[in-house]
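In case you want the letters, here they are:
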Amino acid sequence: MRLIPLEIGRVEGDLRAITGEDGWVTLPVAGWLIEHRHGLALFDTGMHADLQHTTARIGRNAEVFKPDFKPGEELTAQLSRHGIHPGDVAHVILSHLHFDHAGGTCEIPDARLVVQRAEWEAGHNQQLVDAGVYTPDDYDLGHDVQLIDGTHDLMGDGSIVCIPTPGHTPGHQSLRVELDSGPVVLAADCIYFQRMLDTMTVPRFGTDLDQQFDSMHRLAAMQTDGCRLIFGHDLEQFREIPIAGLI
Ligand SMILES: [Zn+2]
């Protein structure tokens, strides 16, 4: 198997909203292509290509998360650099449905979406949609959607496993991938970057902060057991991963 990082633009994040500190931080927006012998899977789809030109579709989110997203950085362009056509991707696993994780889903129309049921329900909660937390136009597009409840073994061989890590959102999930070099967990927004794990801080806008701390502790325990954690938005860590991927 191979785990390939795709940088689908970046957002400039207001640290006051993330850690409570002053200043801004550059957050890579990541998608992950997983080459498995039985097909291609993608973990998260990044941002909608409209955000290369206008922030209208994310409303007030743009005040604290300013997209830095250029033409040619969208999901399909990143896939094509690896010789992958959108129709080649069989499974799209979404960590959660925020604009910077599910926004590029329209670019992979034929894949099956794999989402925690709790997240799909939150993503259709009218109050949350009205508040701009979720944009169903990002993900409710007529795909074949597989709703899962808890841990889910994608390929049936233990190599790619969805791990619920709720808190940031109700149905947030991380993904464990068993590479030849050892197990990796893609933490997504359960842990944005290394310093948030070091200091056990979470953004205050999460749905349930106690639950998110529990999820962080579970991922930290996996790290103690020898699993490599890859954070959701850690620029330094992300840029250290080879463009050709991890094997
Ligand atoms: Zn998020």
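The structure this text deals with has already been given above.
These remarks concern the structure in this document.

Cut-offs and rules
Residues numbered from 1 in each chain as written. Predicted model: local features only at pLDDT ≥ 70, side-chain atom pairs only at ≥ 80, totals over all residues. Helix = DSSP H or I, 4+ residues; strand = E, 2+ residues; numbered from the N terminus. Buried ≥ 20, exposed ≤ 12 C-beta atoms within 10 Å, placed from the backbone. Contact = placed C-beta atoms within 7 Å. Pairing = 2+ DSSP bridges. Axes fitted to C-alpha atoms, helices over the stretch in contact; angles between N-to-C directions.

With that settled, consider the environment of Ser215. As for its position among the elements, Ser215 is in helix α8 (residues 209-224). Residue class for Ser215 comes out buried when judged on the 24 C-beta atoms lying within 10 Å of it. Apart from the residues within four sequence positions on either side, Ser215 is in contact with Thr165, Pro166, Gly167 and Cys190.

This part is about the environment of Cys106. Within the secondary structure, Cys106 is located in the loop between α4 (99-102) and β6 (112-116). Counting along the chain gives 62 residues from Cys106 to His168, while the straight-line C-alpha distance between them is 24 Å.

Pairing is mixed in the open sheet, where seven strands are placed in the order β4-β1-β2-β3-β5-β6-β7. Of all the strands in the sheet, just β4 (65-68) and β7 (144-148) have a single pairing partner and so form its edges. Within this sheet the neighbouring strands show an average axis-to-axis angle of 25°, counted without direction. Bridge count between β6 and β7: five bridges; the pairing is parallel. The residue of β7 that forms the bridge with Arg112 is Asp144.

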